[in-house]
Amino acid sequence: MPKLVLIDGSSYLYRAFHALPPLTNSAGEPTGALFGVVNMLRATLAERPDCAVFVVDAPGKTFRDDLYPEYKANRSALPDDLRAQVQPMCDIVQALGFPLLRIAGVEADDVIGTLALEAAREGTEVTISTGDKDFAQLLQPFDDGGSIRLVNTMSGSVLDTDEAVIAKFGVRANQIVDMLALMGDAIDNVKGVDKCGPKTAAKWLAEYGTLDGVIENAEKIGGKIGENLRTALPRLPLNRELVTIKTDVPLDQPAKSMTLRDRDVDTLRTLYARYGFNAALRDLDGTPAPGATERKVSMRGTEAGWARTGAASAEAPDPRLGEKGEYETVTTREQLDAWIAKLQAADAFAFDVETDSLDAHTANLVGVSLATQAHAGCYIPFGHDYPGAPAQLKREDVLDALRPLFTDASKKKIGQHGKYDLHVLRTHGVAVRGYAEDTMLESFVFNAGASRHDMDSLAKRYLGYDTVRYEDVAGKGAKQIPFSHVSLEDATRYAAEDADVTLRLHAVLRPKIAAEPSLDAVYRDIEMPLVPVLERIESNGVLVDVAELRRQSADLGKRMLDAQQLATNLAGRTFSLDSPKQVGQLLFEELKLPVQVKTSTGQPSVNEEALEALADLHELPKVILEYRGLAKLRSTYTDKLPEMVNPSTGRVHTSYHQAGAATGRLASSDPNLQNIPIRTDDGRRIRRAFVAPEGRRIVACDYSQIELRIMAHLSEDPNLLRAFTSGDDIHRATAAEVFGRTIEEVTNNERRAAKAINFGLMYGMSAFGLAKQLGIGRGEAQDYIALYFSRYPGVRDFMERTRQEARERGFVETVFGRRLHLENIQARNQGLRAGAERAAINAPMQGTAADIVKRAMIEIDRWLAGLGGRALMILQVHDELVFEVEEAFVEELVAGAKDRMAAAAELRVPLVVDAGQGLNWDEAH
DNA sequence: AGCTGCCCGTAC
DNA sequence: GACGTACGGGCAGCTA
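Computed from a predicted structure; not experimentally measured. (Residues numbered from 1 in each chain as written. Chains lettered and ligands numbered in written order. Predicted model: local features only at pLDDT ≥ 70, side-chain atom pairs only at ≥ 80, totals over all residues. Heavy atoms only, no water.)

Undergrad: What am I meant to see in the protein's contact with DNA strand B here?
TA: In the vicinity of DNA strand B, 22 residues are found, and the nearest of them are Thr601, Val606, Arg628, Arg665 and Ile678. Taking the atoms of DNA strand B that fall within 4 Å of the protein, sugar and phosphate contribute 80% of them. Measuring from a phosphate oxygen of DNA strand B, one finds a backbone N or O atom of Arg679 at 2.9 Å. Tallied by class, the residues present in the surface near DNA strand B amount to 7 nonpolar, 8 polar and 7 charged. (Near = heavy atom within 4 Å. Polar contact = N/O pair within 3.5 Å; in protein donor to acceptor, adjacent residues only side chain to side chain. Nonpolar A, V, L, I, M, F, W, Y, C, P; charged D, E, K, R; others polar.)

Undergrad: Even after reading the chapter, I still don't get the pattern of salt bridges, so can you show me in this structure?
TA: Opposite charge on two side chains permits them to pair, given that their charged atoms come into close proximity. The tally for this structure, following the rule as stated, stands at 53 salt bridges. Residue Lys256 is joined to Glu122 by a salt bridge in which the shortest nitrogen-to-oxygen separation is 3.8 Å. With Lys256 in the loop between α11 (236–243) and α12 (265–275) and Glu122 in the loop between α5 (108–121) and β4 (125–129), this pair connects stretches of sequence that are 134 residues apart. A residue is classified by how much of its surface remains accessible, and Lys256, at 56% relative accessible area, is exposed. On the basis of relative accessible area, Glu122 is assigned to the partly exposed category, the value being 43%. One salt-bridge network, in which partners are shared between bridges, spans Glu516, Glu805, Arg809, Glu813 and Arg819. (Salt bridge = Lys/Arg side-chain N within 4 Å of Asp/Glu carboxyl O. Helix = DSSP H or I, 4+ residues; strand = E, 2+ residues; numbered from the N terminus. Buried < 20%, exposed > 50% of the residue type's maximum accessible area, 1.4 Å probe, protein only.)

Undergrad: Could you clarify how one ought to interpret the pairing of strand β1 (residues 3–8) in this entry?
TA: Each regular strand displays side chains that alternate between the two surfaces of the sheet. Across the 6 residues that make up β1, a large majority, 5, are buried. Of the pairings in the sheet, the one linking β1 to β4 comprises 5 bridges and is parallel in character. Of the residues in β4, the one forming a bridge with Val5 is Thr127. Sheet analysis places β1 next to strand β2 (residues 51–55), joined by 5 bridges and oriented parallel. The residue of β2 that forms the bridge with Leu4 is Cys51. (Pairing = 2+ DSSP bridges.)

Undergrad: Hey, could you run me through the protein's contact with DNA strand C in this one?
TA: In the neighbourhood of DNA strand C, 31 residues make up the surrounding shell, with Ser579, Tyr763, Ser766, Gln773 and Arg838 lying closest. In DNA strand C, the atoms that sit within 4 Å of the protein are 71% sugar and phosphate, with bases accounting for the remainder. Note that a phosphate oxygen of DNA strand C is positioned 2.7 Å from one of the side-chain N or O atoms of Ser766. Gly769 is positioned with one of its backbone polar atoms (N or O) 3.3 Å from a phosphate oxygen of DNA strand C. Those elements giving two or more residues to the surface near DNA strand C turn out to be α23 (580–590), α25 (620–638), β19 (667–669), α32 (767–774) and α35 (830–865). Examining the composition of the surface near DNA strand C, we find that 4 residues originate from one element, α35, more than from any other. A breakdown of the residues in the surface near DNA strand C according to their chemical character gives 7 nonpolar, 16 polar and 8 charged.

In structure tokens:
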């Protein structure tokens, strides 16, 4: 049977561009994507197909743009570095002997679809080589009498049976189009049904067979998602048209004429030399093309691609970033010594530790993985214990052997979320120095707006690579086993891959950051130095008075019981005060109280605002509020915190997430110590349980109005700058300015209004929001805002400037150059866009404050490091740093910490720091 | 029993 | 729809 290979050139070029580091030849021309594509083509040639065609998109509009003007509207223009590689690629493709097709008015997909069907009809075996899943709609399984299959040489996957399609997509090949129409396609800007992903689409199609079936039965689908479906109904037929690959494009030549020509050796030699493809060049001169004989490979399986050609030259960096690596399990002294030698010879290495627990503070090391070059790595197990487990090296021997490398500051270490690894190694007697690069932080600095910065997501995003997930080897939920019970084979493919992929990610991300001096500075001067500081703070922990919390729990419990009994009497029946649903039924259906507030989904709300509004009509709402306040304190804090105390230290060790908040703030969890109550007396009591041990004190230092000061700095508004320089209470000064009073004349109510305006502005609040906040009319609120802006015109200009900058550049910056990209700033949806604008206004202030606090933490840590533990930094709460200090050192600590915090930035207004001290955190305020 | 979305509430 | 950034508890519905 004749064979035809259809190559989706555009998809490979695009994916190779994003997967590979930005290589250039000696003349500085970009070559990375080209290199990837060329290797892929040489592998395809090794298959000796009868016919093959390389299809690329032609520039200009296609019929889909006419159908739907927004088609691909949010796809950015081809990067210059990629565009520059298109013509050279076409030259090489043709010199290699491939027919090249570029048809205007349709996409490469449609040309491939047309040729595939034509050839299949004529009995040719068709292989579509593409990285695009949408092609699954064309599949005609061989075992079903058809003859079209798909291969993806980047992931190494083959799709050639109906079962494989069902396993991958949950629907049959002939339902793929309907599925895509329901899901939409974010890349092409085809908007599907909101919240409908592959699972939901497959579920509906399994029930109703086709898209038309789903449309006919749309009324039967319940819930929020059913509503979303009905909203989307009108655009579904168009979606189907957009995602359907055309199979009837008029073409000049039949598929069977697309035979491979002989390669043009002279032209290839010139091109390869120009772009520095040395391995390919060597093949031209004598040696047979790789794969032609000794590496004969089949089209089935991972071998099909550029993957196993062995074509990578020593001169060019390894291009196969999205490939699986080969890993070694180190169980003998000889192997270990060989790896030590490898690490000694390398400039830098990546590492990862494996433990028997996710909690860094109690975890035991069970193995270490290492990598010095991409696609290779090792796992050194020493704590795996299961029936039949092979003999392993001793933990202490391994750590002793590695210690000189890990503690050598000049030997650079690369990790992913290395704070965890640093901590575990330290608790096992290895104090790491020279922790130089962290791929999680690279990703965070490069694009803080991305939702996830974990390794699996980064590998997918930047390498197009599916990593072995933890649950793949250790299971999940109730079936999860500790890593120490995972077999050495599974452990190696998981753990060594972590080190390997870390290295590959660094190769991709480092240049992206290095290209922007301001990002590089944020990464080098703030985020990387902060890693060991946070590790120390977490490890210090804070002493908690568990007995005090238990007393509070008991007290809260009694009062909850009283409130519950009162509520039962008032309602005339029992109900769950914890259930918003039951409370809503009781208040609005049984007691027929008026609905004055609704939730975002349109349901009657029973939140605090709603219950306050009903307080004059019935006694019950107030009692429910009382109960709720008590229940919140008990369940979230007084009951929970004692569970989180580390039994061996008696202290609570939170985790700080350095890539947690897009603005650059830290986030805290397990437990979250950044939302311990302070505003009410009951809540504030909880802070009395955060105590200092005998002979020591808690000291809290916090920046006064740091974000408003940053607003003054950024806006350069003379009135606001003056207000901060004068040293008056800022809200009072604002009230005096806005309401035309002297400082002394300002009433408490006027100060309250000014405070609400000050804060509201920083969050991009509207007149509507201010009115709600202050309980005044919207018109009055608008007057306040107008008055404010007339007194502080610089602030208004700053806000407008920021919005505009965000729209034009797609991101905003802090004073120190940290960027926040705003995905939705150009959205057509007004709600989304308005939200992005508010975030744009807030981010420079919140983010600059975060930068300043981080800089202060680094300086203070450096200072405290030499003091032998007389003072420990133990908490960070955004604008506050908390210390545990020897009694005799308190005064010095306060002075030193305040100085360093105030000096962490030079703004147009002074940075003021307040400090307090006491036996517990409450007293320290 | 575990997962997920929703509602609600705490901090700065 | 209307105020930015987080984390987390309890409920309710779904899934296995």
